[in-house]
Amino acid sequence: MKVLAILSDHRVHKTASPKLHNTVIKARDLENEYCYVPLEINEDDFAQALTGLRALNIAGANVTIPYKERVGKFLDEISENAKAAGAINTIIRRGDKLIGDNTDIIGYIDSLKFNNIDPKGKKVCIVGNGGAARGLIVGLKQAGAKKIIVAGRSAEKASILAKEFDIDYTTIAELKTLKDNIDIITNTTPISTQEESPELAKFIDNLNITSLDAVVDINYGRRNTFWEALAKRTDATFIDGQPMLALQGRAAFEMWTGIKVTEDEYLNALGIVY
């Protein structure tokens, strides 16, 4: 049996990725060939863990918070998309080599299109400046977004990211100045509810925006989020992180196994039916 995995810290036990992949594996009658497991890795042990992937012959892995930007130096090759993003969320084994890729790019864009949102020609604000934001920026550039603005807590960090990708930047505190100058807002921070951050909730509640095409929160499984409230207030389509999770997972599974799977199979695995 070939083992697939997801690498994170203590947050690995909250991810729906094992349910997602193992549901498809079962539906495809591949349970004797593949299984997908969560692996909790302490930051100090990360280098050893990557050596362990090789020693244990792990067939492939996802990488999530907080390791997307750290994992590249431990791999043999990195795809052009992952290089462009400066972040890796998927590791593929090819013989003795470990190759890094980024399926967040296709997962995000496909999740917009699944909800009938075309980012081409649109003005998009990305809230957050971590590894997830990087992949989304690359995807938006490839999809022809007209303007991309990154908003971070720190103007310094946001400006560094903006310079790297040749996009605009602002701070979360100054989001209110954007008014109606954007079409899509996407949250890439781990925060979605007032309980998690009253400060960020206040900033979003006080935005002057009156109309949006879409509000995307790449987190999932949250209730009463201020991102969904923003969508309702601005008559926008609200998209949580489940379609993106499913669609980036589909791309990763094909990379690991060479088995073609449909979008429907992965969306249905999370109960998303249309």
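To be clear, the structure that these remarks concern was listed above.
Scope of this entry: the structure provided in the associated data block.

Quick notes on the rules
Residues numbered from 1 in each chain as written. Predicted model: local features only at pLDDT ≥ 70, side-chain atom pairs only at ≥ 80, totals over all residues. Heavy atoms only, no water. Salt bridge = Lys/Arg side-chain N within 4 Å of Asp/Glu carboxyl O. Buried < 20%, exposed > 50% of the residue type's maximum accessible area, 1.4 Å probe, protein only. Helix = DSSP H or I, 4+ residues; strand = E, 2+ residues; numbered from the N terminus. Contact = heavy atoms within 4.5 Å. Axes fitted to C-alpha atoms, helices over the stretch in contact; angles between N-to-C directions. Parallel < 35°, antiparallel > 145°, perpendicular 65-115°, else oblique. Nonpolar A, V, L, I, M, F, W, Y, C, P; charged D, E, K, R; others polar. Core = buried A, V, L, I, M, F, W, Y, C linked by side-chain atoms within 4.5 Å.

1. Considerations on the pattern of salt bridges
Applying the stated rule across the entire model yields 15 salt bridges. A salt bridge links Arg-11 to Asp-9, with the nearest nitrogen and oxygen atoms 2.7 Å apart. The class of Asp-9 is buried, set by a relative accessible area of 9%. In this structure, the salt-bridge partner of Arg-250 is Glu-254, at a minimum N-O distance of 3.1 Å. On the criterion of helical spacing, the pair formed by Arg-250 and Glu-254 is a turn pair, its members being four residues apart in helix α9 (residues 242-257). Through salt bridges with shared partners, a single network forms among Glu-69, Arg-134 and Glu-164.

2. A closer look at the side chain of Ser-17
By the element assignment, Ser-17 lies in helix α1 (residues 17-27). Ignoring sequence-local partners within four residues, the contact set of Ser-17 consists of Ile-6, Tyr-36, Tyr-220 and Leu-245.

3. Some thoughts on the packing of helix α7 (residues 198-205) against helix α8 (residues 226-233)
The description of two packed helices rests on the angle between their axes and on the distance between the axes. Closest axis-to-axis distance for the α7/α8 pair is 10 Å, and the angle between their directions is 5°. Considered as vectors, α7 and α8 are oriented roughly parallel to each other. Residues Leu-200, Ala-201, Ile-204 and Asp-205 of α7 touch α8, and the partners they reach there are Phe-226, Trp-227, Leu-230 and Arg-233. For the contact of α7 with α8, the residue count by class is six nonpolar, no polar and two charged.

4. Comments concerning the nonpolar core
Tyr-108, Ile-126 and Leu-140 are the most contacted members of the largest nonpolar core, which has 29 residues in total. In terms of residues, this core owes the most to one element, helix α5 (residues 131-142), which gives six residues.

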